[in-house]
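Spelled out, the chains give:
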Amino acid sequence: MAESPITPREKDFAAWYQDVVQQGDMAEPAEIVKGCMVIKPNGYAVWEVLQRELDTRFKATGHQNAYFPLLIPESFLKKEAEHVEGFSPELAVVTIAGGKELEEPYVIRPTSETIIGHFFSRWIQSWRDLPVLINQWANVVRWELRTRMFLRTTEFLWQEGHTAHATHEEAVEEVLRMLDIYAEVAEDVMAMPVIKGVKTRAEKFAGALRSYSIEAMMQNGLALQAGTSHDLGQNFGKAFNVQFQSKEGRLDYVWQTSWGVSTRLIGGLIMSHSDDKGLVLPPKLAPVKAVLVPIYRKDEERARVLETAHRIAKEIGAKIDDRDGHSPGAKFFYWERRGVPVVLELGPRDVASNNIVLKRRDTGAKEVVAQSDVAARLTAVLETMQKDLYGAAKERLKANTVLANSMIEVEEILNGANKFVMAHLKDDPACDARLKEFKATVRNIPLVDQYDGGGRCIVTGEPVDRRVVIAKSY
RNA sequence: CGGGCCGUGGCGCAGCCUGGCUAGCGCGCUUGCUUGGGGUGCAAGAGGUCCCGGGUUCAAAUCCCGGCGGCCCGACCA
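Attention shifts here to the overall build of chain A. If you tally the helices and strands in chain A, you get 14 helices and 25 strands. The C-alpha atoms of chain A give a radius of gyration of 25 Å, which matches the 23 Å a tight globule of 474 residues would have. Along the first, second and third principal axes, the C-alpha set of chain A runs to 80 × 55 × 45 Å. Split into buried and exposed, the 474 residues of chain A put 53% on the buried side. When contacts within chain A are restricted to residue pairs at least 6 apart in sequence, long-range pairs at least 24 apart make up 68% of them. Of the roughly 21600 Å² that chain A leaves accessible, carbon and sulfur atoms contribute 50%. Computing the positive centroid from 61 side-chain charges and the negative centroid from 66, chain A places the two 2 Å apart.

Now the structure itself:
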């Protein structure tokens, strides 16, 4: 028996994560470009499914895709004071092009609020032009000091939605609508439970009025910000002079939003469901949902088995692994570490009895199914597995969420383990700062309070209306 | 960007301290036979700028200096 190429989670979670990414053939460090990664076909296929799920929902809510330049005039970033302050440390800047020093450097987009603001100002004149609902699928670059595959890389893929509205009320509706879509994709498609909430003022997007996020819990108890949706107010409208004439004939600035999710979701996916044997993909996200491994000895068995195997695989839309020169055992391990939800085994015994063996990736449970029932059974198993993965993740989130009623309590809990700690805390940067002492942050202030309502802030003693999520995070 | 560990066939490592034969090992890969219900076995092969640059030396994977990159911790982080 060969040794597992995957470090157990218990032993070293970070090493486990690296191993799963590598063994699942998801991505590898680019090495020749600092902090960047190569997303391999297996990983990119997952991204494509995620893109499809998101894009369909964006379109269904009236958004259109568009594309803006990768390079942004440096001066654009400076037009919004908070924005430039927030992003300038992590900008990559192009100063030379065509062999000449540029008069004005270009920054490689870290996000596109500025350049899109510029074009919005040209596109929008009247209340009739609103709302503008745009989404862009793009790559962005942020010179992060510390990178981890999928979770934080120098260059990453994402979508960024940018919308402009006539009223703040409408903009806030949009912000929450998109947050809901993110939560829906996270929970229903990725089987990753999330907490929707508002970011504290200290943690909000540079240039936003308010930021909202969905926060997920990884298997090691760390939080992962899985998606954000920002109420930009009129900040960028004013910075880029995006004005429209209202029905009443008044000139006013638009109210904007922006929202995004990135390839980081794939990191979250991995750390939500995968196990010591490798990647586990929820069925709805798996590019390949089922693989059929034929088993045979002699040539005449081979012919018979392969014939039946091909017929069944075609019927149920499974991939067939008919590679020669690999033993069935080797194939089982191969698909296992690549996270395929269901592996079907078909050997001479099954051909003779008109059965087939079906195995789930998550539980490892095997069952013998009549060939005539396999299509229905596969559908049912995939559905169950999707639900079970979500259920297990939800259970873990619940089990690792605790209440605290004092700063000392919060600190004790977080020093002992990685948990989500629910505590009353005022939305004040000074209060956020107190958590830094033990490397925690407010993840968000939940939109829906599932606990005991109001209480006194554990720092200031002032009344606050609900508990916030405090945790260590990626 | 600070601290630590690391960089040697595709992958994982030994060798380095104490410089010196032809740079080894396991896995993987190729070919043949064998095997096949959870990594089959045997045999024969292929495959290496020892991260890069400079220095010391008769001689550098090994010592010295500089750089690049990876991982972990920290600071930073929409």
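Here we come to the domain arrangement of chain A. If you check the domain split of chain A, you get domain 1 (13-273), domain 2 (283-392) and domain 3 (401-471). Each of domain 2 and domain 3 has a C-alpha centre, and these two points are 47 Å apart.

To continue, consider the layout of surface pockets. It is a probe the size of a water molecule, rolled over the atoms, that shows where empty space is left. One number sums up the size of the largest pocket: a volume of about 1600 Å³. Around the largest pocket, the lining is made up of 46 residues, and of these Arg142, Glu144, Arg152, Gln225 and Arg264 lie nearest the centre. Within the residue set of the lining of the largest pocket, elements represented by two or more residues are α4 (81-87), β8 (155-165), β11 (223-233), β14 (255-262), α8 (264-273) and β22 (441-446). Mapping the lining of the largest pocket onto the domain boundaries places at least three of its residues in each of domain 1 (13-273) and domain 3 (401-471). Space inside the second largest pocket adds up to approximately 390 Å³. Along the walls of the second largest pocket sit 20 residues, with Val194, Ile195, Lys394, Leu397 and Gln450 positioned nearest its centre. Of all the elements in the fold, those that place two or more residues in the lining of the second largest pocket are α6 (168-189), β9 (195-198), α12 (374-399) and β25 (467-471).

For the pair helix α1 (residues 13-23) and α8, the least separation of the axes is 11 Å and the interaxial angle reads 115 degrees. Judged on the interaxial angle alone, α8 and α1 are roughly perpendicular. Where α1 crosses over α8, the two elements pack in a sense that is right-handed. Across the interface between the two elements, Phe13, Trp16, Tyr17, Val20 and Val21 of α1 pack against Gly267, Ile270 and Met271 of α8. Its residues placed into classes, the contact of α1 with α8 shows seven nonpolar, one polar and no charged.

A few words now on the packing of aromatic side chains. The tally for this structure, following the rule as stated, stands at 13 aromatic pairs. Relative to Phe119, the ring of Phe68 has its centre 6.0 Å away and its plane inclined at 45 degrees; by these criteria the two rings are tilted. Here Phe68 is found in the loop between β3 (64-65) and β4 (71-73), whereas its partner Phe119 is found in helix α5 (residues 113-123), with 51 residues between them in sequence. Note on Phe119: relative accessible area 23%, which makes it partly exposed. An aromatic cluster of three or more residues is present, and its members are Trp47, Phe58, Trp137, Tyr182 and Trp259. Stacked on the ring of Phe76, the Lys or Arg Lys79 has its end atom at 5.0 Å from the ring centre. Over the ring of Trp127 we find Lys247; its NZ or CZ atom is 4.8 Å from the centre of that ring.

The subject of this paragraph is the side chain of Asp19. Considering the arrangement of structural elements, one finds Asp19 in helix α1. Among the polar contacts listed, one links the side chain of Asp19 to the side chain of Thr7, at a separation of 2.6 Å. Among all residues touching Asp19, those that are not within four sequence positions of it are Pro5, Ile6, Thr7 and Gly24.

Counted according to the given criterion, the structure contains two cavities of 30 Å³ or more. Reported here for the largest cavity is a volume of approximately 40 Å³. For the largest cavity, the full set of lining residues is Met192, Pro193, Met217, Ser272, Ala393, Arg396 and Leu397. Class assignment for the residues of the lining of the largest cavity results in five nonpolar, one polar and one charged. Of the pockets and cavities examined, the second largest cavity occupies roughly 30 Å³. Taken together, Leu54, Tyr182, Val185, Ala186, Met190, Ile214, Val261 and Leu265 form the lining of the second largest cavity. With three residues, α6 is the single largest residue contributor to the lining of the second largest cavity.

Using the criterion set out here, one finds 30 salt bridges in the structure. The shortest N-O distance in the salt bridge between Glu367 and Arg377 comes to 3.0 Å. Within this pair, whereas Glu367 is found in strand β19 (residues 366-370), its partner Arg377 is found in helix α12, the two being separated by 10 residues in sequence. Judged by relative accessible area, which is 26%, Glu367 ranks as partly exposed. Note on Arg377: relative accessible area 33%, which makes it partly exposed. Its salt-bridge partner being Arg466, residue Asp465 comes within 3.5 Å of it at the nearest N-O pair.

This part takes up the packing of helix α2 (residues 41-60) against α6. α6 packs onto α2 with a crossing angle of 145 degrees between their chain directions and a minimal axis gap of 11 Å. Crossing handedness for the pair α2 and α6: right-handed. Residues Leu50, Glu53, Leu54, Arg57 and Phe58 of α2 form the contact with α6, whose own contacting residues are Met178, Ile181, Tyr182, Glu184, Val185 and Val189. The residue makeup of the contact of α2 with α6, split by class, is eight nonpolar, no polar and three charged.

To continue, consider the protein's contact with RNA strand B. Residues in contact with RNA strand B amount to 44 residues; listed here are only the nearest, Arg142, Arg146, Phe205, Asp350 and Lys359. Of all RNA strand B atoms lying within 4 Å of any protein atom, the proportion belonging to sugar or phosphate reaches 45%. Within the contact set of RNA strand B, a sugar or linking oxygen lies 3.4 Å away from a side-chain nitrogen or oxygen of Glu144. Contributing elements (two or more residues each) for the surface near RNA strand B: α1, β11, α10 (328-337), α11 (348-353) and β18 (355-360). With seven residues, the single largest contributor to the surface near RNA strand B is α10. Per-class residue counts for the surface near RNA strand B are 16 nonpolar, 10 polar and 18 charged.

Definitions and limits used
- Residues numbered from 1 in each chain as written.
- Chains lettered and ligands numbered in written order.
- Predicted model: local features only at pLDDT ≥ 70, side-chain atom pairs only at ≥ 80, totals over all residues.
- Heavy atoms only, no water.
- Helix = DSSP H or I, 4+ residues; strand = E, 2+ residues; numbered from the N terminus.
- Rg over C-alpha atoms; globule rule 2.2 N^0.38 Å.
- Buried < 20%, exposed > 50% of the residue type's maximum accessible area, 1.4 Å probe, protein only.
- Contact = heavy atoms within 4.5 Å.
- Areas by Shrake-Rupley, 256 points an atom, 1.4 Å probe, with all protein chains shown as cover.
- Lys, Arg positive; Asp, Glu negative; His and termini not counted.
- Charge placed at Lys NZ, Arg CZ, Asp CG, Glu CD.
- Domains from an automatic or database assignment.
- 1 Å grid on protein atoms, 1.4 Å probe; cavity = no way out; pocket = protein on both sides within 12 Å on 5 of 7 lines; lining within 4 Å.
- Points joined across faces, edges and corners; volume = space filled by probe spheres on them.
- Axes fitted to C-alpha atoms, helices over the stretch in contact; angles between N-to-C directions.
- Parallel < 35°, antiparallel > 145°, perpendicular 65-115°, else oblique.
- Left-handed = near helix turned anticlockwise from the far one by under 90°.
- Nonpolar A, V, L, I, M, F, W, Y, C, P; charged D, E, K, R; others polar.
- Phe/Tyr/Trp six-rings, centres within 6.5 Å; stacked < 30°, edge-to-face > 60°.
- Lys NZ or Arg CZ within 6 Å of the ring centre and 35° of its normal.
- Polar contact = N/O pair within 3.5 Å; in protein donor to acceptor, adjacent residues only side chain to side chain.
- Salt bridge = Lys/Arg side-chain N within 4 Å of Asp/Glu carboxyl O.
- Near = heavy atom within 4 Å.

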